[in-house]
Each structure stands twice: as structure tokens, then as C-alpha cells.
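Observations on chain architecture
Read off the chains here:
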Amino acid sequence: MDRMRVWLSRTQLQALVVLTSLLLTSCSTSVWVEADFPQPLVNRLPVRMGLILDDDLLDYVHYEELPRQAAYTIQIGEANELMLVQLFQSMFTDIEQFNDFSLIQTNIAEIDGVLWPELERFEFDVPLGQRDEFVEVWIQYLIKLYETDGQLVTEWPVSGYGKAEMVDREEALNRAIVVAMREVGATISTKFSDQPDLRNWLQGRKNAAPL
Amino acid sequence: MQHLYKQKCYPTIKSRISQIFLLAPIFLITLGGCGITSRIEPYKQSDVVIGEGESVVVLARKHHATHETEQRIVDCISDGLASGNDGLSVHNNIEFEDKLYPWFEPSMAPITTVELSELLERENVLNQVLSTGVRFVIWLDGSTTRVASGGGMTCAAGIGGAGCLGLGWWEDDSIYDATVWDIYELSSTGTIYADVKGRSVMPALVIPIPLIARPQLAACRGLTQQLRQFLTSSEYGNGPNTSSE
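Owing to the predicted nature of the structure, the values given are computational and were not obtained by experimental measurement.

1. Observations concerning the overall build of chain B
Per the secondary structure count, chain B includes six helices and seven strands. Listing each helix as α and each strand as β along chain B from the N terminus yields α-β-β-α-β-α-α-α-β-β-β-α-β. Looking at the 245 residues of chain B, the share that counts as buried comes to 39%. Long-range pairs, those at least 24 residues apart, make up 74% of the contacts in chain B with a sequence separation of at least 6. Counting every atom, chain B has about 13,300 Å² of accessible surface; 56% of that belongs to carbon and sulfur.

Here it is as C-alpha cells:
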């Protein structure tokens, strides 16, 4: 009888552990942003650029607990690299990727300038499961342009907004983030030459070309 | 024995018939409360029709802050236009947007045919559009929203069983307009407007019985039928078309 009591309590304990794990899992949502970003249909600017994608950008994870909702962990690092590399490869005649500015010094003769994008801000909103509601995402990057000697030319904040109808929460969040990132890419690829500091820099290279 | 059978069975049969007569009016009233009312107004400005080797693409308007056209109705209309023996050549909308990226993103897409004309002045964009074979762009704008709901239902479960009692209802309104652009002529060839209302009810007498009206599906079917005629018939007429089911 005593052995039976021990066996029952072990079984109950195991069931309790499993149930607790399930409950804890349902209180958090994890999204790994996945997408294929298309090449923008724009004319290439005849400049060769170095591109710094540092660890902060490549490993970017956003964690937030929304009121009355689950905690969200959103991994955007991989999508950042996919979007930005595809974008800049289509915008310039040549792109060379670096992880740190110090690594560029040996390649100065081969590039005209250095782009250093930074994910400055990420915000999102998920409705509480009502009809006719959308998941919304706001994302802002800071595109920094440096001369090859390290002198800052300009900083250009570029933001994007995306929304997606909420049928499945995680899938809608992924879609909204991708839409917002595509909007950022659209702005960068079409408005790069229109920024005064960037336009002056391009003209200084005597390689300016209209889109 | 026969007399005893009549004594036992006749009251039971009588009570069943009474129950049927009692429930039938409730059921008929419930059925009468649900249904779909649709109104479709086509307007065609020219007699141009789709030719051999030409394609269409259905795109959703996404620049509004308050709503966005649902992808499922875009897919529904695209699939509907492509299906059947007289199916049209329909280009996948996501692939079209990817090929023309970034020029058909929500913030960049041309809103008027004037903007379309300016966009196609870019040689690389024009060449890409021509390579897709698309001649007609169908812009779908609108959404399906719940405009009213009411009623209530109570469900309970116990040792002896479970069940629900009550009546719930809701009304959805699907309002869309499909504007057709001719890329070759750089002009709008016309618009088809659809307004479909559907009321759904769910009576519950022990078991909930959902009687779902699907106005979005009805809007899809109506628009698909009208768009097919719009694109293939040079004598396509104008004026409202109303129906109720």
C-alpha cells in the first residue's frame, strides 16, 4: 500500500511537471523572422561600398512582454542580413562585407565609402484576438555613411511600417515584420540619391547617376 | 395486446408530433433570419478585351490605414478567373510584386494611372512589366467587416450530459471595388463595385446549429463572374445587379 502511494505521487508529480511546462510555453511566443527579399528594380549607383554588418545587427533579438498577453521573443538578425545584403548588392556596383571597421583599412583602395546600418528601433502591436484586427510593426534603421578614413558623412534614419491580418498570431507577426522591412528596403533603394548629404557625396565622387 | 400497444405508443407518437409542430416555426424563423444580399455595379469605359497571350494580375490595395484587402479574396478571385475551360491567364500577385519590387509596395504603388504612366517611364520597370505578359492590373480595394451581432447562448455540462441553449447572430458586410487598368493604354478601363451582406445565425437547442452566411465568398464569386465578362466581352453592359439568397 505504501509503495502504491509512492508510485501514485510520482506519477502525479510527473504530470504536474509536464502541465507546468505546457502552461509556461503557452505564455511566451517566439518568432524567427523568415523571408526571401527580392532584388530592387533600380539602377546601380557606380560606387563601390564597404558594408559593415556588426554583431548587434546580425544577432538582433527583440524581447517584450505585452500587457495582458504573452512575452514575445523576435529574432530578426538573420533577416537583417538577408535584406540588407540583397538590397545593397543591387544598389551599388560592388559591395564588400565586413564585420568591423578596423578590417576595412586594408581594403581602402577598393572601396569608395562605408555603409554601417544599425537597427535603431523596433515596435509592434498584437491585438487581443478580436475580428478585423491587424498585427502592426514599426521598424527604424539608421544608415550611416563613412569615408574610408572613418569620417562620418551622414546618418540617415529610415523607417518602415507593416501590418498583417491576424489569423495566426506568429505567422501574422512574421508577415508584418517582413512587410515593414521591405518598406525600409523600398525607401533606401529609391530615395538614397535624394538625401542631400548622400547626393553631395555621390557628386563628390563624380559618379552620381539618377535612379 | 393490440389495445395495449395503442395505449402505450399512441401518446408517445402524439407528443412527438406536437414537439415537431412546436419546433418547426422556430426553425423556419431562424432559417429566414439568415441569408445573403448582394449588389454588384459594373462600369466599363471602353470595349477593350483581353487578347491571346495577355495576362491579368489581381493586386490588393494596401495603402489604407484603417483596413487592408484580405489576401484570401485576392487568391479567390485569381483562382476563379484562371479556372474552367475559359480560364484566363492570371499572373501570381506575390510573384508580380516581387518582380517589380519596390514599385508595388504599399507606400510606392501607383494610385492613379498618371502615376502608373510615370512609373513606366523607367525603362527597367517597363521592360520587367512587359516580360510578365500582364496587360490588365485589377486593383482590389475593400474589406469584410462585422457590422452587427447579438443574441446569447449558454452552455452547461454535468454528470448526466451537456448542452447549449440560446440564439446568436451576426452580420458581415463585404464591400469591394475592382478597378481594371490597361497597362498598354495606360488608362482605367472600368470598375466593378460589390456590396454583399450576410447574416449568420446559430440557434442552440442542446446542440448549436451553425447556419453560416459567407458574404466574402459570395463577393468573390460575383466579382469573378463579372470580371470574366468584363475582360472577355466587348459588349459588357453597365448598371447594378442585385440579388438575394
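Still more to cover.
2. A few points about the side chain of B:T224
All names here are of chain B. Here T224 is to be found in helix α6 (residues 215–232). T224 sits in the buried class, given a relative accessible area of 8%. Each residue touching T224, except ones within four places of it in the same chain, is listed here: C76, I77, G80 and L81.

3. A look at the packing of helix α2 (residues 71–82) of chain B against α6(B)
Residues and elements named next belong to chain B. Taken N-terminus to C-terminus, the directions of α2 and α6 make an angle of 40°; their axes are 9 Å apart at the nearest point. Put simply, α2 runs oblique to α6. The interaxial crossing formed by α2 with α6 has right-handed handedness. Residue-level inspection shows R72, I73, C76, I77, G80 and L81 of α2 in contact with α6, the latter providing Q216, L217, A219, C220, L223, T224, L227 and R228. When grouped by side-chain class, the residues that make up the contact of α2 with α6 number nine nonpolar, three polar and two charged.

4. Topic: the packing of aromatic side chains
Aromatic rings in a pair are described by how distant their centres are and how their planes are angled relative to each other. Tallying each qualifying case throughout the model produces 10 aromatic pairs over all chains. Measuring from ring centre to ring centre gives 5.4 Å for A:F92 and A:F192, while their planes differ by 75°; the resulting arrangement is edge-to-face. Taken together, the residues span a long stretch of sequence, with A:F92 in strand β5 (residues 92–98) and A:F192 in the loop between α4 (169–191) and α5 (196–204) at a distance of 100 residues. Judged by its relative accessible area of 1%, A:F92 is buried. Residue classification places A:F192 among the buried positions, given a relative accessible area of 1%. Where B:F104 meets B:W139, the ring centres are 6.0 Å apart and the plane angle is 20°; that geometry is what we call stacked. With B:F104 in the loop between α3 (93–99) and α4 (113–119) and B:W139 in strand β4 (residues 134–157), this residue pair connects regions lying 35 residues apart in the sequence.

5. Quick word on the environment of B:P110
Mapped onto the fold, B:P110 is located in the loop between α3 and α4. Excluding residues that lie within four positions of it along the chain, B:P110 makes contacts with B:R61, B:W103, B:F104, B:E115, B:L116, B:L119, B:W139 and B:W181.

6. Concerning the pairing of strand β8 (residues 152–165) of chain A
All names here are of chain A. Bridging between strand β7 (residues 134–146) and β8 involves 13 bridges; their strand directions are antiparallel. By the bridge assignment, Y141 is partnered in β8 with V158. The loop that links β7 with its antiparallel partner β8 comprises five residues; one of these, G150, has a positive phi angle of about 95°.

About the criteria used
Residues numbered from 1 in each chain as written. Chains lettered and ligands numbered in written order. Predicted model: local features only at pLDDT ≥ 70, side-chain atom pairs only at ≥ 80, totals over all residues. Heavy atoms only, no water. Helix = DSSP H or I, 4+ residues; strand = E, 2+ residues; numbered from the N terminus. Buried < 20%, exposed > 50% of the residue type's maximum accessible area, 1.4 Å probe, protein only. Contact = heavy atoms within 4.5 Å. Areas by Shrake-Rupley, 256 points an atom, 1.4 Å probe, with all protein chains shown as cover. Axes fitted to C-alpha atoms, helices over the stretch in contact; angles between N-to-C directions. Parallel < 35°, antiparallel > 145°, perpendicular 65-115°, else oblique. Left-handed = near helix turned anticlockwise from the far one by under 90°. Nonpolar A, V, L, I, M, F, W, Y, C, P; charged D, E, K, R; others polar. Phe/Tyr/Trp six-rings, centres within 6.5 Å; stacked < 30°, edge-to-face > 60°. Pairing = 2+ DSSP bridges.

Don't take any of this as a statement about function, it's just geometry.
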